[in-house]
Structures are given as C-alpha cells and as structure tokens.
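# Report on the structure
Residues per chain are reported as follows:
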Amino acid sequence: MKKIIAMVLALTLIFTLCGCMYTEDNLVVNKDGSGKSTTFIEVDKESYDTLCKDLGEDLNIFEGYTPKVVEKDGKKIYQVKEEVNFKSYDELVKGLKLADYEGVVVTKNSVRYYMSATMSEKEYNESKAQMAAMNSDIDSLVKCNVNITMPEKIVAVSKKGKISADGYTASFNLCTKDFTETNEFMVSTAKESVAPDVNGATDGTRYNKSVTVKLNDASGIQKAAYSKDGGNEIAMAFTQKFTKNGTYSVRAKDYYGNEANSTFVIKDTKKPSVTGVANKKTYKGARKIKFTDNCGIVKATLNGKKIASGKKVNKKGSYKLVVTDVNGLKTSVAFKIK
C-alpha cells in the first residue's frame, strides 16, 4: 500500500511544466475489517521521457515498479497499478502508516487519515503564473482522486469529500491547488460525540519553551484555528509549533460539531546557550562555536556578520558573538584568539 499520490505530487511542480498526470487511490472496507486498497497512476509517456532526458536523470516516481505502456486518447501513457489486500482493521492501519499517511484512525464505523502539504503557496503561485504565460491551467494538469467505500451507508465525510448516490462511497477529487494544504480523508457511518484531542498543550499551563500542538479526532477535524493574545483566529495545521511569547487559544472542531479548546501561555526567559567560547576568555588556536535555544534562534552574528552554529574560527583577533532567539533574548560573548 504505497502513497503514490503523495510521491507523484512531490514532483508536481516539474510535471506541470510538461504534461498531465492522473492518480487514484481506491479503498474498499468490508464488514469484518478486511478489504482491498488499489492505487493507480497514469503519466504522459512523451512528457515524462522528455523530462528525464532534459534533466539527465531518472526521476524514479514509480519506485521499483515497471509501468505498462498503453494507448489512451491517441497518446502513449505510462500506467502503474498496485493492489493490496488486508485481513483486518489493524492491517489497514499498518498499511496506511507504512504509506506515510498521518493521523491514521480506523474503527468499524470510520476511516480517517491525512496527508500534509506537498508544495507551498509560493511554489504554486509561481508555477501557476508560468503556466498562464503558456496559456495553460496548472489545476487541469494534475488530477488526484481518493475513493473510500464502506460496508454501511456513510453519514459524514471531511470537507473535500462527496458521498455517492448509493451512500456507500465517498470521493475526494483533488487538483494541484489542493496540495498547498493538509488534505484529510475521513468517512464515517455512525455519529460520533467525542471532542478532538489537543495534545502537547495542557489547558491553563504556562511554558518556558516552545510548544508543539498535535490535533487528532476519530472522525476528522473540520476546523482548527488559534488566536494569540486575544487577536483574530488563524487557521492552523494538525501539527503546529508555537515559539513566541504570548497567550494562545487553540480550537478544534470535528465534523459532528464536537469542539475542544485549550489555552496556554509561552513565557520564554531562557537566553540562548553558547558553547566553544566564553565571555572575556582568550584562546590559543581555533575554536568551534555552537549555540542553541529552547524556542529557536532568529539571528546570530560574529563581529556583525551572520554566523551559523558549528562555525570554526581560527584567525587571531578580538570577537563579539551575539545570538538572539525568537523572543528577542540575547546572549553576548566577547573573546580573543591569540
């Protein structure tokens, strides 16, 4: 059970400049927890071969598979199909996790997993502009479909899902733009009343370090947002790191309206730590300078010039190192090398 969709989309920006792709994941779950996962990919052969030749390398998007060459609409197409059978819910969970999907939850009533963004908004906008200049639409070049069929009628799906007329299959049809954000695939055949889990930040707690919040829910998360110091809500990822001082309120809501809230404070008072040199010390020979911080380094300079942790300094002279963290706390070290 390979995540071919994600594998292909890692190369989306390259392929959108030369040809079309189509990928499809079909997951069928039976009443006893058994089922089958079928993954399918089609890539325009001429475009793919030309790209490999121009780059002088094998992109290897098929990961060891030997694709078939088929005729479709007068064009030659590379085609790969993989089928994997599973005997239980546990096997399905393991297969989805091995395929690098995140937040995997499987019960007799629901299947839920998600895939983080594979391209940034900036990359997407740049490629969209390039394609527009060539009178082409970037979102028409990459089509990815995920279909999940359940043994009972589906009553809820995550936001990009559509339930079929018979009620047993949910389809998620994605284009290039969709992969600038987290994509969640959730189907449920029964109403659920448990609020999302907010892990990593205990409500009412004060932290002197960065905080990584992880959100999870059996039926999937419809909305996740945070506010800082009473400001406007900002959409957040299912896993998000907070580093700057302030009071944060996190809110997560699932597809049944169940909601979880957590408010916490970050008050960083710890300055960056420096090793390799000490203040007002004189050294003979080279010194390797290293620095770290509990919330993160935003800037480090040596005699006014940027420096990276691990830098080796060997020239004789007087030096001043200034390391600043994300909250403005600074550590200054003046030293000499004879």
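Residues numbered from 1 in each chain as written. Predicted model: local features only at pLDDT ≥ 70, side-chain atom pairs only at ≥ 80, totals over all residues. Heavy atoms only, no water.

## A look at the side chain of Asp 25
Spelled out, the test is: The helix count covers DSSP runs of H or I at least four residues long, the strand count covers runs of E at least two residues long, and both are numbered beginning at the N terminus. Exposed residues in this analysis have more than 50% of their type's maximum accessible area, buried residues have under 20%, and partly exposed residues fall in between, with area computed by a 1.4 Å probe over protein chains only. In the analysis that follows, any N or O atom pair within 3.5 Å is treated as a polar contact, provided that within protein one partner can donate a hydrogen and the other can accept it, and provided that, for residues neighboring in sequence, both atoms belong to side chains.
Along the chain, Asp 25 turns up in strand 1 (residues 21-29). The buried category is assigned to Asp 25, whose relative accessible area is 7%. A distance of 2.9 Å separates polar atoms of two side chains, one belonging to Asp 25 and the other to Tyr 101.

## Some thoughts on the pattern of salt bridges
Stated precisely, the cut-off is as follows: The working definition used for a salt bridge is a side-chain nitrogen of Lys or Arg within 4 Å of a carboxyl oxygen of Asp or Glu.
Across all of its chains, the model carries 11 salt bridges by this definition. In this structure, the salt-bridge partner of Lys 81 is Glu 83, at a minimum N-O distance of 3.5 Å. In this structure, the salt-bridge partner of Arg 251 is Glu 233, at a minimum N-O distance of 2.8 Å. One end of the pair, Arg 251, is in strand 18 (residues 246-254); the other, Glu 233, is in the loop between strand 15 (221-228) and strand 16 (234-235), with 18 residues separating them in the sequence. Because the salt bridges share partners, they merge into one network encompassing Lys 223, Glu 233, Arg 251 and Glu 259.

## So, helix 5 (residues 121-133)
Applicable threshold: Here the expected span of a helix is defined as 1.5 Å times the quantity of residues minus one. Note that the arc is defined by the directions from the helix axis to the C-beta atoms.
For helix 5, which comprises 13 residues, the first-to-last C-alpha distance of 18 Å matches the rise-based estimate of 18 Å (1.5 Å per residue) to within 8%. Within the span of helix 5, buried status applies to Tyr 124, Ser 127 and Met 131. Relative to the axis of helix 5, the buried residues are bounded by an arc of 70 degrees and lie together on one face. Every exposed residue of helix 5 that faces more than 90 degrees away from the buried side is listed here: Lys 122 and Ala 133. Asn 135 sits one or two positions beyond helix 5 and adopts a positive phi of about 55 degrees.

## Re the layout of surface pockets
Selection criterion: Method remark: on a 1 Å grid restricted to protein atoms, a set of points is classed as a cavity if a 1.4 Å probe fits but cannot get out and as a pocket if it is open with protein on both sides within 12 Å along at least five of seven lines; lining residues have an atom within 4 Å of a point. Grid points are joined across faces, edges and corners, and a volume is the space filled by probe spheres set on the points. The nonpolar class holds Ala, Val, Leu, Ile, Met, Phe, Trp, Tyr, Cys and Pro. Asp, Glu, Lys and Arg form the charged class, and all remaining residues, Gly among them, are polar.
Of the pockets and cavities examined, the largest pocket occupies roughly 310 Å³. Lining of the largest pocket is provided by 17 residues; of these, Lys 159, Glu 181, Thr 182, Met 236 and Phe 238 occupy positions nearest its centre. Of all the secondary-structure elements, those providing two or more residues to the lining of the largest pocket are strand 11 (183-188) and strand 15. Take the lining of the largest pocket: its biggest share by element is 4 residues, from strand 15. Taken together, the residues of the lining of the largest pocket break down into 9 nonpolar, 3 polar and 5 charged.

## A few points about the environment of Pro 272
Quick reminder of the rule: Any pair of residues with heavy atoms lying within 4.5 Å of one another is described as a contacting pair.
In this structure, Pro 272 sits in the loop between strand 19 (259-266) and strand 20 (273-275). Through-space distance from the C-alpha of Pro 272 to that of Thr 292 is 5.7 Å; in sequence the pair is 20 residues apart. Those residues in contact with Pro 272 that sit more than four places away from it in its chain are Thr 292, Asp 293, Ile 297, Val 323, Thr 324, Asp 325, Leu 329, Lys 330 and Thr 331.

## Some details on the packing of aromatic side chains
One pair of aromatic rings is described through two measures. These are the centre distance and the angle between the planes. Under the convention used in this document: Centre distance within 6.5 Å is the pairing criterion for rings of Phe, Tyr and Trp, where only the six-membered ring of Trp is used; planes under 30 degrees apart are then read as stacked, over 60 as edge-to-face, and the remainder as tilted.
Throughout the structure, instances matching the rule amount to 12 aromatic pairs. A ring pair is formed by Phe 242 and Tyr 248, whose centres lie 4.9 Å apart and whose planes are at 55 degrees; its orientation type is tilted. The exposure class assigned to Phe 242 is buried, which follows from its relative accessible area of 3%. Judged by centre distance (5.8 Å) and plane angle (70 degrees), the rings of Phe 242 and Phe 264 are edge-to-face.

## Let's talk about the sheet that holds strand 19
Quick note on the threshold: Pairing between strands requires that DSSP locate at least two bridges from one strand to the other.
Pairing is mixed in the open sheet, where 5 strands are placed in the order 13-19-18-15-16. Since the sheet does not close on itself, it has two edges, and those belong to strand 13 (206-207) and strand 16, each with one partner. As judged from the 2 bridges shared by strand 13 and strand 19, these two strands associate in the parallel manner. Counted as the bridge partner of Arg 206 is Val 265 from strand 19.

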